[in-house]
Structure formats: C-alpha cells, structure tokens
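Architecture and fold: a report
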Amino acid sequence: MSRSIRIFDRRSLILLLGLLLSGGFFATTLFGYFVSKEAIRSAIIGQDLPLTSSNIYSEIQKDLVRPVLISSTMAHDTFLRDWILRGENEVSEMSRYLAEIKQRHGAFSSFFVSDHSSNYYTGEGVLKQVREDEPRDAWYFRVRDMRDEYEINVDPDLANRDALTIFINYRVFDFDQRYIGATGIGLTVDSVRRLIRDYQARFQRTIYFTDATGKVVVHGGETAPDLRQRPGLAQQLDRILHERTGFYQFEDAGDNHILNVNYLPELKWYLFVEQNEDVALAGIRQTLYVNLIISLVVTLIVTFLAYLTLGSYQSRIEKMASTDKLTGLLNRHAFGILIDKLLANNRRAPRPISFLLADIDHFKDINDRHGHRIGDEVLSNIAQRLSATLREADFAVRWGGEEFLMVLPGCPLNEALVVAEKLRHAIASAQLAPGEPTIRITLSLGASELDDNETADHAISRADDALYAAKRAGRNQVSAAPPLG
Ligand SMILES: Nc1nc2c(ncn2[C@@H]2O[C@H](COP(=O)(O)OP(=O)(O)OP(=O)(O)O)[C@@H](O)[C@H]2O)c(=O)[nH]1
C-alpha cells in the first residue's frame with residue numbers, strides 16, 4: 001500500500017505563477033498600449049493635423065488666393081472703370097473683357113455688376129439686372145454696403161446651372177474713390193471639396209471651413225454640419241473663433257475629438273481639421289485585445305504545463321520524502337503525518353486503532369552468514385509480503401532496521417491478533433531469499449490497541465513491550481499488550 005504526503009501546496013504555487021505571468025503580461029501590454037496611445041496622440045497633435053491643415057491650406061490658397069488677386073486686378077483695371085464711366089455703351093467690349101479673364105485664368109465665371117445701371121455683365125453679355133427685392137441678389141447689396149474691399153461668398157451660381165461656387169466679390173471705385181459696382185470671378189469649390197473628401201476618407205478626419213460666425217461654408221459631406229448643434233464644440237466655438245489658431249479637444253457622442261484650427265486671413269475663413277481620437281486608436285486597441293488574448297493563452301499554456309510538470313515532480317519528491325528507499329514502505333516521518341491525520345479523523349468518528357510491531361528474528365545472523373545484500377533482499381521481500389497481506393485501510397512503516405510497524409485503523413485488539421498471526425504465518429511460510437533456499441525467516445510481533453486516553457507513542461511502546469515479551473518467549477510468535485487499566 002502506498003501513501004503520499006503533501007509537502008507543499010501545488011495549487012498555490014500554480015496560482016502564484018499564473019498571477020505573476022498574467023500580471024506581468026497585463027502590465028507590459030497595458031504599458032505598451034498607453035505608450036502607443038500617447039505617441040499616436042502627440043503625432044495627431046504635432047504632425048497629422050497640422051500637416052493636413054497646411055496641405056488643405058496650400059490647396060485652397062492655390063484655388064482661392066490667386067482668384068482674389070485676379071479679382072483685385074479687375075477691380076483696379078482702368079479699362080473696366082473707364083468703360084463704366086463712359087456710360088456702359090459697347091456691351092460687347094465688356095463681355096469680351098470678362099470672357100477673356102474667365103478663359104485666361106480658368107475661372108468658372110467672371111462678372112461685373114454696375115451700380116449705375118444694375119446690369120449684371122458676364123462673358124456672354126448682360127445676364128440680368130440686380131434687384132434689391134430679389135433674395136438671390138442680396139449679395140450685391142451687401143457688397144455695395146460693406147466696409148471691406150472684397151468678400152468671399154459661397155453661393156449657387158445662376159450663370160452656371162446653380163453649381164456651388166465661391167465668388168470673390170470685389171468693390172470697384174472710380175478715380176475719385178466713388179463706388180461704381182462690383183466685379184470678380186467665381187470658381188467651383190469642387191476641387192477643394194474633392195480634396196477634403198479624399199483626406200476625410202484616408203485619415204478619418206473631418207475637415208471644413210467656417211466663416212467668422214462659425215457657420216460652415218465649405219465641407220466634404222452632403223449637408224453642412226452645424227457646429228452649434230455639437231454641445232462639446234459649441235461651448236468652445238466663440239473662444240476658438242476669437243483665438244483663431246490652436247488645438248482644442250471636445251467630446252462628441254462619447255468620443256474624444258482633437259481639433260486643429262487655423263485662420264486663413266486671405267479668405268477670412270477658419271480651417272477646422274478634426275480627428276476622432278477613438279477612431280484613430282481603434283488599431284492599437286485591437287492590438288491591445290489581441291495581445292491580451294495571446295498573453296492569456298500563453299499564461300494558460302505555461303501554467304498548465306507547469307502544473308503537469310510540478311505534479312509529476314511533486315509526487316516523486318513526496319514519494320522520496322515519505323518512503324523508505326529499500327523497502328518502499330512509509331518511513332517514520334510519513335508515519336508522523338499520517339497518524340496525526342488518522343487521530344484527528346478518529347476524534348470526529350471514534351473507532352478502535354491497533355498497532356502491530358514486528359521484528360525479524362535473528363536477523364543479525366542472516367547478515368553475518370549471507371551478507372548484507374541478502375539481508376537487504378530479505379528486508380525488501382518481507383515488506384512486500386506484509387503490505388500484500390494487510391488490508392487497504394492499514395499501512396505498514398519501516399520502524400527501525402529490521403522492525404516494522406503496522407497501523408490497523410478500525411481494528412480492535414482481538415482482530416489485530418488475528419492479523420498478526422496471519423502476518424507471522426505469511427513470513428514463516430515464504431521463501432524470502434530465492435537465491436538462498438535454506439534461509440528461513442520468522443517474525444516476532446507485539447500488539448496493542450490504542451486506548452481512548454493514550455497517545456500513539458505510548459500505545460506503540462506498549463506494543464514494543466509485547467514484542468519483547470514474544471522474543472523472550474522464544475520468538476516466532478505474537479504477544480498482546482494488556483489493555484490499559
Ligand atoms: N542488511 C541489512 N541489515 C540491517 C539493516 N538495518 C539493520 N540491520 C541489521 O539488523 C540487525 C539487527 O540485529 P539485532 O538488533 O541484534 O537483532 P537480531 O539479530 O534480529 O536478533 P533478535 O531481534 O533478538 O531476534 C543488525 O545486525 C543490523 O545491522 C538493513 O537495512 N539492511
């Protein structure tokens with residue numbers, strides 16, 4: 001019969017290993033995530049948004065600043081002013097002039113509105129007359145009354161099938177600085193919108209231009225977003241417009257947005273470039289999840305392998321620590337642990353326990369006559385016999401050199417004596433040294449039953465006394481210790 005003694009708690013060790021591994025993985029993965037998050041954040045603020053902003057800025061400059069200069073040249077053109085002051089007589093001269101400007105500069109439209117006649121001239125002649133009661137002409141009267149030299153206005157162009165057009169409306173003065181009309185060119189915003197859309201699609205950034213009131217004038221979507229309807233942004237909008245340039249942050253629909261704003265003085269517009277930080281971090285968040293899953297799987301595999309390996313080592317170590325090398329029986333150290341357990345159980349559910357102490361008769365002679373190797377062989381075979389003869393619940397211990405202790409739980413003294421006889425007979429009748437057929441081995445046994453008020457040591461010493469009584473009585477016999485008074 002073999003028993004194993006628990007030397008250390010494998011489960012606690014595995015738990016500790018698992019915790020250390022998963023804690024280490026978790027900490028490094030999270031650390032990596034936060035470092036990457038900060039790197040992405042500073043890249044958004046330090047590079048991505050400013051770069052997008054300056055790209056869009058230079059594109060819009062290309063598309064708009066030049067037209068502003070062209071419109072300025074038109075407003076200061078002596079031919080144009082002379083022609084008006086002369087009475088707007090030859091319409092073909094004006095339309096040739098406007099057609100040439102349009103064609104030379106690749107504009108979408110070119111125009112002049114005379115304050116004197118209210119005629120709206122284009123490259124094709126007089127398009128119409130502007131009227132104060134016509135909402136579509138409101139721009140002209142606004143330009144007429146404004147203080148600035150020019151304005152940039154996004155409107156559908158009547159002359160070009162109402163395509164969304166940016167007009168540069170320049171005020172024209174005669175040589176005495178009296179207002180005489182408005183001129184300029186119109187160009188489609190499609191190229192700017194295409195660029196904005198392209199940037200939005202590639203970098204998941206939202207890009208738009210606003211005027212000084214915060215109204216979106218050019219954007220890449222279908223409908224112009226209303227910034228005042230976005231609570232996180234709306235509460236900062238006036239400050240942003242006042243500061244003109246800078247970085248801002250706001251929450252929208254639970255996501256954090258980083259905003260780069262630049263004022264474009266030539267256009268009197270603001271360029272907003274927005275990055276949804278949570279969208280930008282989606283990639284590394286996915287990496288974080290994948291890393292966490294890999295860490296978890298590695299932790300599970302490592303702890304499982306460690307569990308298996310430790311299990312096999314532990315049982316080997318436990319076996320080595322608790323068994324006698326020669327006989328394979330439990331040693332006295334193991335006996336100490338097992339008897340404590342047995343007695344603890346016995347206190348909960350009392351039942352008789354008996355001890356048998358066996359000693360080989362004249363074992364010294366066997367060693368002396370046949371040598372220690374045969375002596376060892378005999379010891380080992382006796383141990384096997386004893387174990388084989390005992391019940392599953394009993395256990396045998398190598399007590400001393402040629403002494404064996406048998407513990408019989410649930411067995412009163414009278415039954416223990418029967419077992420002792422069985423053991424004695426089993427040994428006496430066996431051939432325990434096959435190479436030396438003449439060797440005959442006998443055992444002397446002492447038996448005792450543990451008394452309720454007695455320690456195991458005391459009961460064993462009584463069995464020892466009985467064993468010596470058996471020796472004294474001629475050996476190869478069983479002797480019982482009398483029950484305690
Ligand atoms: N071969 C071998 N001999 C052992 C071992 N352990 C103890 N012995 C021997 O067992 C012998 C025990 O001798 P004694 O205590 O004099 O007793 P005995 O000869 O058996 O005589 P009685 O017990 O009086 O019948 C000693 O010679 C020890 O050296 C062991 O592991 N292997």
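Residues numbered from 1 in each chain as written. Predicted model: local features only at pLDDT ≥ 70, side-chain atom pairs only at ≥ 80, totals over all residues.

Per an unreviewed UniProt entry, the chain goes by diguanylate cyclase and derives from Azonexus hydrophilus. The record in UniProt for the chain states the following under Subcellular location (unreviewed entry): "Cell membrane". (UniProt positions renumbered as here; feature names shortened; annotations may be inferred.)

1. Some words on the UniProt feature "transmembrane region" (unreviewed entry) in the chain
According to UniProt, the feature "transmembrane region" (unreviewed entry) maps to residues 12-35 and 288-310 in the numbering used here. A distance of 34 Å separates the end C-alpha atoms of residues 12-35, which is 100% helix and 0% strand. Along residues 288-310 one finds 100% helix and 0% strand; the C-alpha atoms at either end are 32 Å apart. (Helix = DSSP H or I, 4+ residues; strand = E, 2+ residues; numbered from the N terminus.)

2. A closer look at the packing of helix α10 (residues 363-370) against helix α11 (residues 372-389)
In contact at an axis separation of 6 Å, α10 and α11 are set at 140° when each is read in the N-to-C sense. Considering their axes alone, α10 and α11 lie oblique with respect to each other. Counted together, Phe 363, Ile 366, Asn 367 and His 370 of α10 and His 372, Ile 374, Gly 375 and Val 378 of α11 form the full contact between these two elements. Counted by class, the contact of α10 with α11 contains four nonpolar, four polar and no charged residues. (Axes fitted to C-alpha atoms, helices over the stretch in contact; angles between N-to-C directions. Parallel < 35°, antiparallel > 145°, perpendicular 65-115°, else oblique. Contact = placed C-beta atoms within 7 Å. Nonpolar A, V, L, I, M, F, W, Y, C, P; charged D, E, K, R; others polar.)

3. Notes on the environment of Gln 275
Residue position: Gln 275 is located in strand β11 (residues 269-276). Placed 18 residues apart in sequence, Gln 275 and His 257 show a C-alpha to C-alpha distance of 5.6 Å. The residues contacting Gln 275, other than those within four sequence positions of it, are Ile 44, Asp 48, Leu 49, Arg 205, His 257, Ile 258 and Ala 280.

4. Topic: the packing of α11 against helix α12 (residues 413-428)
In the contact formed by α11 and α12, the axes pass within 10 Å of each other and the chain directions differ by 140°. It follows from the interaxial angle that α11 and α12 lie oblique. At the point where α11 passes α12, the crossing takes the right-handed sense. Together, Ile 382, Arg 385, Leu 386 and Thr 389 of α11 and Lys 422, Leu 423, Ala 426 and Ile 427 of α12 make up the contact between the two elements. (Left-handed = near helix turned anticlockwise from the far one by under 90°.)

5. Examining the site of the ligand
Around the ligand lies a shell of 16 residues, among which Phe 363, Lys 364, His 372, Gly 375 and Gly 401 are the nearest. Of all elements in the fold, only β12 (353-360), α10 and α11 reach the threshold of two or more residues within the shell around the ligand. When residues in the shell around the ligand are grouped by element, the largest group, four residues, is from α11. A per-class count over the shell around the ligand returns four nonpolar, five polar and seven charged. (Near = placed C-beta within 6 Å.)

6. Brief notes about the sheet that holds strand β14 (residues 403-409)
Strand-to-strand pairing in sheets goes through backbone hydrogen bonds, with the strands running parallel or antiparallel. What the five strands build is an open sheet, ordered β13-β14-β12-β15-β16; its pairing is mixed. Two strands close off the open sheet at either side, each with one partner strand: β13 (395-400) and β16 (478-480). Taken pair by pair, the neighbouring strands of this sheet meet at an average axis angle of 20°, ignoring direction. Judged from the five bridges that link them, β13 and β14 form a sheet pairing that is antiparallel. Note on β14: the bridge partner recorded for Ala 396 is Met 406. Against the sheet, helix α9 (residues 332-348) contacts β12, β13 and β14, and its axis sits at roughly 135° relative to β13. (Pairing = 2+ DSSP bridges.)

7. What to know about the pairing of strand β3 (residues 125-129)
For strand β2 (residues 119-122) and β3, the ladder comprises four bridges, and the chain directions are antiparallel. Among the inter-strand pairings, Asn 119 is bridged to a residue of β3, identified as Gln 129. Where β2 folds back on β3, the antiparallel hairpin that results is connected by two residues.

8. Side note on the environment of Ala 459
Of note, Ala 459 is situated in helix α13 (residues 456-472). The residues touching Ala 459, leaving out its near neighbours within four places in the chain, are Phe 355, Ser 448, Leu 450, Asp 451 and Glu 454.

9. Here we look at the nonpolar core
The biggest cluster of nonpolar side chains holds 52 residues, and the ones touching the most others in it are Phe 112, Val 113, Tyr 170, Ile 207, Leu 271 and Phe 272. Residues lining this core come from more than one domain, with at least three contributed by each of domain 1 (15-48 + 189-316) and domain 2 (76-187). Sequence-distant contacts of Val 113, defined by excluding residues within four places in its chain, comprise Tyr 120, Val 130, Tyr 140, Gly 181 and Ala 182. (Core = buried A, V, L, I, M, F, W, Y, C linked by C-beta atoms within 7 Å. Buried ≥ 20, exposed ≤ 12 C-beta atoms within 10 Å, placed from the backbone. Domains from an automatic or database assignment.)

10. Considerations on the pairing of strand β9 (residues 246-252)
Pairing geometry for β9 and strand β10 (residues 255-264), over seven bridges, is antiparallel. The partner of Gln 249 across the bridge, within β10, is Ile 258. With antiparallel pairing between neighbouring strands as the criterion, β9 and β10 make up a hairpin whose turn holds two residues, including Ala 253 at a positive phi of roughly 50°.

11. Notes on the sheet that holds β9
Reading across from one edge, β8-β7-β11-β10-β9 is the order of the five strands in this open sheet, with antiparallel pairing throughout. Edge strands, defined here as strands with exactly one partner in the open sheet, are β8 (216-219) and β9. Averaged over all neighbouring strand pairs, the angle between strand axes comes to 30°, with direction disregarded. Two strands pair when backbone bridges link them, and strand β7 (residues 205-210) and β8 are joined in this way by three bridges, in the antiparallel orientation. Each residue of the ladder has a partner; that of Phe 209, found in β8, is Val 218. Together, β9, β10 and β11 form the strand contacts of helix α6 (residues 231-243), whose direction differs from that of β9 by roughly 170°.

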